[in-house]
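Coordinate inspection notes
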Amino acid sequence: MQWVPFYTIAISLGGCYVAGVALLHYDGGWLTFALFAAMAVVTELLSAESFVRRRTYISIASVISIAALMSLGPWAGVITHLAGGAATLITALCKNAVQPTNQQRASLWQRSAFNMSMTVLSSAAAGQAFTLTGGLPGYITEPFILLPLLAAVLVETVVNIGVLSVVIRLQTNRTVRRIWVEDFLWGAPIVIGSGFIGGGCLAFAYQTAAMIGLLVFFLPILATSYAFHLYINHTRSYVDQLEKANHQLDETSRHLLHTLGSVIDAYDIYTAGHSAQVARYAGAIAAAMGLSAAAQDKIVRGALIP
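Residues numbered from 1 in each chain as written. Predicted model: local features only at pLDDT ≥ 70, side-chain atom pairs only at ≥ 80, totals over all residues. Heavy atoms only, no water.

1. Considering the nonpolar core
Counting residues in hydrophobic clusters, the biggest one holds 37 residues, and the most contacted among them are Phe36, Met39, Ile64, Met70, Leu72, Leu202 and Leu214. At the level of elements, α1 (4-25), α2 (30-45), α3 (61-72), α4 (74-98), α5 (108-132), α6 (146-172) and α8 (188-265) are the ones that each hand at least two residues to this core. In terms of residue count, α3 provides more of this core than any other element does, eight residues in total. When sequence neighbours within four positions are dropped, the list of residues in contact with methionine 70 reads Phe130, Leu136, Pro137, Gly138, Ile140, Ile145, Leu149, Gly199, Gly200 and Ala203. In terms of nonpolar packing, the next biggest core, distinct from the first, is built from 13 residues, Tyr7, Ile168, Phe184 and Ala188 among them. (Core = buried A, V, L, I, M, F, W, Y, C linked by side-chain atoms within 4.5 Å. Buried < 20%, exposed > 50% of the residue type's maximum accessible area, 1.4 Å probe, protein only. Helix = DSSP H or I, 4+ residues; strand = E, 2+ residues; numbered from the N terminus. Contact = heavy atoms within 4.5 Å.)

This is the structure we're talking about:
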């Protein structure tokens, strides 16, 4: 946990640097970019938090970023993500003004800076992958563009998941494999498929029919994003209830173990409080060993019953 602030600050500084470079070096059409940015804002506002204890988000804003990258160049993809992140920050500020802030989490500004920087870095990496594999902005109708498109989508997804997995690993001590299976395995194919198909088709629509094609093709993407948003929110309500019930059951089990330990200790005055002390020492040793929170909890529970 002590490395989390240093890691998030490093990512935030890196994202700020890349965003500054993108703003200085972008030389495409600002009118067309404004349209891409507006679409990114809309899709980002429809992103949905997966589950209450996971705090990962599902969004198809990368579709717009990939399309901007292919149409206007790599830096356009970076700035498009930046615009979507800024919209998310404004929404989060409004939400934070209504609902109380969870004190166990980092501040809203820290989380927003990290999330925006993460998407900026992943988009910049996607742009580099696009150009290194032979991609040329504006040549969407050429067959050779498929390989650079796939490379860009894969690199953006891998970098995004990789950066986020590191901070989850530092916070929870879960293994990388467990993080992948529990948090990203089910959503990664959706992100990759939508980025490749949706981003490519959106860029193709822009090249063949200019802004009209862009707006027309954006409608099914928007409808898909909204439907996915509704589905996630609907499913999350049931999962949240199950997680809360499981948490209550877990607390009940813990209290029962404490009670059983106290009953066993009560048989002998010389062992009074022995179970609680053993559990306390076992928990301290497990924490010093750097074990995961789940492993520490199991050790403490086992120590309660001598």
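2. Examining α5
If you check α5, its first and last C-alpha atoms are 36 Å apart, about what 25 residues at 1.5 Å a residue would give, namely 36 Å. Following α5 by one or two positions, glycine 134 adopts a phi angle in the positive range, close to 95°. (Expected span 1.5 Å × (residues − 1).)

3. Notes on the packing of α3 against α5
Direction vectors running N to C along α3 and α5 enclose 40°, while the axes themselves pass 11 Å from each other. When the axis of α3 is compared with that of α5, the two are oblique. The chirality of how α3 crosses α5 is right-handed. Along its contact with α3, which presents Ser65, Leu69 and Met70, the element α5 presents Ser123, Ala126, Gly127 and Phe130. Tallied by class, the residues present in the contact of α3 with α5 amount to four nonpolar, three polar and no charged. (Axes fitted to C-alpha atoms, helices over the stretch in contact; angles between N-to-C directions. Parallel < 35°, antiparallel > 145°, perpendicular 65-115°, else oblique. Left-handed = near helix turned anticlockwise from the far one by under 90°. Nonpolar A, V, L, I, M, F, W, Y, C, P; charged D, E, K, R; others polar.)

4. Things to note about the side chain of serine 123
Mapped onto the fold, serine 123 is located in helix α5. A polar contact of 3.2 Å, which involves the side chain of serine 123, links it to the side chain of serine 65. In this structure the side chain of serine 123 is engaged in a polar contact, spanning 3.1 Å, whose partner is the backbone oxygen of glycine 77. Apart from the residues lying within four places of it in its own chain, the contact partners of serine 123 are Ser65, Leu69, Gly77, Val78, His81 and Glu156. (Polar contact = N/O pair within 3.5 Å; in protein donor to acceptor, adjacent residues only side chain to side chain.)

5. Things to note about helix α7 (residues 176-184)
Turning to α7, its buried residues number three or more, namely Ile179, Asp183 and Phe184. When α7 is viewed along its axis, its buried side chains cluster within an angular range of 65° and face the same direction. (Arc of directions from axis to C-beta.)

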